[in-house]
Every structure is written in structure tokens, then in C-alpha cells.
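Reading the structure
Listed below are the residues making up each chain.
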Amino acid sequence: MSNKPSKPETSGDNHNIHWFPGHMAKTRRVIEENLKLIDVLVEITDARIPESGRNPLLSQIAGNKPRILLLNKRDYADDSATRSWLEYYKNVCGITAISCDCRSGAGLSGLNALFKKINNDSGKRYHGATRIMAAGIPNSGKSSFINRMAGGKRAAVGDRPGVTRGKQWVSIKSNKTGEACEILDLPGILPPKIEERLAALNLAYTGAVKDEVVDVYELAASLAAFLAEHHSAKLKTRYNLDISADSGNGNDVLGGIAKSRGMLISGGGLDVERAAFALLDDFRSGKIGKITLEFPPL
């Protein structure tokens, strides 16, 4: 498997996809219009792709607004890589970053106290409760974050100036601190175009981009080649594959998965399309193991 690219070129054009539908453009406008109403911006990203999973538009729009970056789905990411990212954001970027699992609530216990501290440090409060804007790309875990913070109840606070369809305020209150918060819930937003090929692939691998707009087989073959080179032991464990006897070619890996799982088409051929979906589903749900796709700059 030597001399193979980490993520080989595919015959598709997955990295030049334009995915800026009207609702995303509308969400950007809503973010810009409501920034003056909030105290803290909470940005949620996928811990497996901390940078690819961030929308640079948020930094352009947010300016100097206090920000907390949540590296969500930490249970799917490599622990050492996540620690490196936390240090990078703190020491290089000056951003408060926390690793967490928004579904279980792990890592979120200190957020209410942090929100209160940010408000106290700012020396001003715009309203009675701390107001938070939750933002992130699709499938980053934003809804899980809001549901967890609200205790499973997404109760709309009520109309606010400038309220538009698709936006709501969710009320939460900490039982420990008594701190009241309101979270502005908005649809996920992707940038209009991803210039970096690997960033586009990372977004597609993790499901931030709908499979309907990519060539799923080519995408899975690319991911399979990356995993064969960098995480062959995990592939062996999950699919009982003999990677050592394999070239590491993504097509061969998918064929091996189909064979191992008995995925056949009429006539006895291997159903590699089904294997492609299985690989992507297993990766996205963390069933292959803890895997991080990108690392901080040296």
C-alpha cells in the first residue's frame, strides 16, 4: 500500500460542488441581523474535521462577538488529535474550545457558568437572560446541543424583533447556577463554495453534504483508500479484511467489504454500491473506530 495518496483522485468532481440553496443565504442574513441581540456565539463543529467543519463566513460575520467553539462528536474522533486541536485553538487562535458529545451532554456541564463569566467580563448585558446564538454547518450536532441544553424541551420563548420563519428562541435555565439563557436556533449553513478539495471531501465523508449531490461510490472509494492507508487495523477489525494482501485501492477495499458481508447482486457478483453505503454509514456513526481526518498546522 505504499506510495498511495491519502485521499486519491476520483473520477467524480465531489470537491467542486455548489451547495448554497436559498435557505442558507437567508440564514446568513438572519445571523447578520440578530448578532446585535446576542451575548455569545456558540459554534459547533465536528471533532473529526474541526477546521473543514467550520464555516469561514461565521468569522467574517461575527467580528469581535464572544465565541465558544464546541468540538462535537468527540467519541468518534481520535483523542490525541482532539487534544492537539484544543491546544491549537487556545494557544494559536485565542478561541475558547471545548470537546463534547452533544447527544449525551458530556463536556457541556460547565457552559452555563462560562456564559455567565463572559457576560460579567464584558461589563454589559443587553437583557435579563444570557442570549446565545447556536451556529454550525448541517449535521454538526447543533440540534443535539440545543436539545441537551434545554433538557429535551425546545420551548420557544416567543416573538422577538426581527423574528422570521425558521428561527426560534429556546429558553434554558441551569438548576445549579440559576442562570437563565436563551438560545437562538437557526438552520445550519454551509459556505457557498468549498475551495479546498480535502475540505470538501471531509464534509462529504461526515455527512454534512447530502449524498444526493455527490457520487456516493466514488466518495466511499476515496474514503476506503484513506482508511486502508492510515487505519488498516480498524478496517480489518470491522470488516474482517486482509488489508495486507490488498493494494489499498479504494475499489478493492469496497469489493472486500462486499465479499466479507455477503453483499451480492443477481448472478453472484459483488454489490459494491451497497458496500459503499455501508462504509459511509459505519464511518459517520463511529462504528469503524475513533478517526480524525485532519490535524492542526505544525
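One structure accompanies this document, and this report is about it. Being a predicted model, the structure only gives us computed values, none of them experimental.

Conventions adopted
Residues numbered from 1 in each chain as written. Predicted model: local features only at pLDDT ≥ 70, side-chain atom pairs only at ≥ 80, totals over all residues. Heavy atoms only, no water. Helix = DSSP H or I, 4+ residues; strand = E, 2+ residues; numbered from the N terminus. Buried < 20%, exposed > 50% of the residue type's maximum accessible area, 1.4 Å probe, protein only. Contact = heavy atoms within 4.5 Å. Areas by Shrake-Rupley, 256 points an atom, 1.4 Å probe, with all protein chains shown as cover. Salt bridge = Lys/Arg side-chain N within 4 Å of Asp/Glu carboxyl O. Pairing = 2+ DSSP bridges. Axes fitted to C-alpha atoms, helices over the stretch in contact; angles between N-to-C directions. 1 Å grid on protein atoms, 1.4 Å probe; cavity = no way out; pocket = protein on both sides within 12 Å on 5 of 7 lines; lining within 4 Å. Points joined across faces, edges and corners; volume = space filled by probe spheres on them. Nonpolar A, V, L, I, M, F, W, Y, C, P; charged D, E, K, R; others polar. Phe/Tyr/Trp six-rings, centres within 6.5 Å; stacked < 30°, edge-to-face > 60°. Arc of directions from axis to C-beta. Disulfide = S-S within 2.5 Å. Core = buried A, V, L, I, M, F, W, Y, C linked by side-chain atoms within 4.5 Å.

1. Brief notes about the overall build of the protein chain
On a plain count of helices and strands, the protein chain comes out with ten helices and six strands. Burial analysis of the protein chain (298 residues in total) assigns 51% to the buried set. Excluding contacts between residues fewer than 6 apart, the proportion of contacts in the protein chain whose partners are at least 24 apart in sequence is 72%. Looking at the protein chain as shown, the accessible area adds up to about 13,900 Å², and 48% of this sits on carbon and sulfur atoms.

2. Structural notes on the pattern of salt bridges
Following the criterion strictly, the structure yields ten salt bridges and no others. Between Arg48 and Asp46 there is a salt bridge, with its nearest N and O atoms 2.8 Å apart. Members of the salt-bridge network, linked through shared partners, are Glu43, Glu51, Arg54 and Arg67.

3. A short note on the sheet that holds strand β3 (residues 96-99)
Spatially, β3-β2-β1-β4-β6-β5 is the arrangement adopted by the six strands of the open sheet, whose pairing is mixed. The outermost strands of the open sheet, each flanked by one partner alone, are β3 and β5 (168-173). Neighbour-to-neighbour, the strand axes of this sheet turn through a mean angle of 25°, independent of strand direction. Note: strand β2 (residues 67-72) against β3, four bridges, orientation parallel. By the bridge assignment for β3, Ile68 is matched with Thr96.

4. Quick notes on empty space enclosed by the protein
Taken as a whole and assessed by the stated rule, the structure comprises two cavities of 30 Å³ or more. Considering only enclosed or pocket space, the largest cavity measures out at about 40 Å³ in volume. Together, Asp46, Ile49, Lys73, Ile137, Pro138, Asn139, Ser140, Thr206 and Ala208 line the largest cavity. Looking at the lining of the largest cavity, its residues break down into four nonpolar, three polar and two charged.

5. Section: the packing of aromatic side chains
Counted under the stated rule, the structure contains three aromatic pairs. With centroids separated by 5.6 Å and ring planes inclined at 85°, the aromatic side chains of Trp85 and Tyr88 adopt a geometry described as edge-to-face. With a gap of three residues between them, Trp85 and Tyr88 both fall in helix α3 (residues 79-93), about one helical turn apart. With respect to burial, Trp85 and Tyr88 carry one shared label: buried. Among the residues examined, Trp85 registers a relative accessible area of 1% and is labelled buried.

6. Re helix α5 (residues 142-149)
If you check which residues of α5 are buried, you get Lys142, Phe145, Ile146 and Met149. The buried residues of α5 occupy one face: seen down the axis, they fall within an arc of 95°. At the C-terminal side of α5, Gly151 shows a positive phi close to 70°.

7. A look at the state of the cysteines
Tallied over the entire structure, the rule returns zero disulfides. Cysteine Cys102 shares no disulfide, and the gap to the nearest cysteine sulfur, in Cys100, comes to 3.9 Å. Here Cys102 falls in the buried class, since its relative accessible area comes to 1%.

8. Section: unusual backbone geometry
At Lys73, a position not held by glycine, the phi torsion is positive, near 60°. Tracing the sequence through the fold places Lys73 in the loop between β2 and α3. One non-glycine residue, Asn139, adopts positive backbone phi at about 70°. Structurally, the position occupied by Asn139 is in the loop between β4 (130-136) and α5. Owing to a relative accessible area of 45%, Asn139 belongs among the partly exposed residues under this scheme.

9. A word on the nonpolar core
Residues Leu223, Leu227, Leu235, Leu254, Ile257 and Leu279 are the most contacted members of the largest nonpolar core, which totals 38 residues. Secondary-structure elements contributing two or more residues to this core are α6 (197-205), α7 (216-230), α8 (232-239), α9 (250-261) and α10 (272-284). When residues of this core are assigned to their parent elements, the largest contribution, ten residues, is made by α7. Counting residues in each nonpolar core, the second largest holds 22 residues, with Ile44, Ile132, Phe145 and Ala150 among its members.

10. Some thoughts on α6
With eight of its nine residues buried, α6 lies for the most part within the structure. Taken together, the buried positions of α6 are occupied by Arg197, Ala199, Ala200, Leu201, Asn202, Leu203, Ala204 and Tyr205. Structurally, α6 contributes buried residues whose contacts are with α7 and α10. Of the residues one or two after α6, Gly207 is the one with positive phi, at around 90°.

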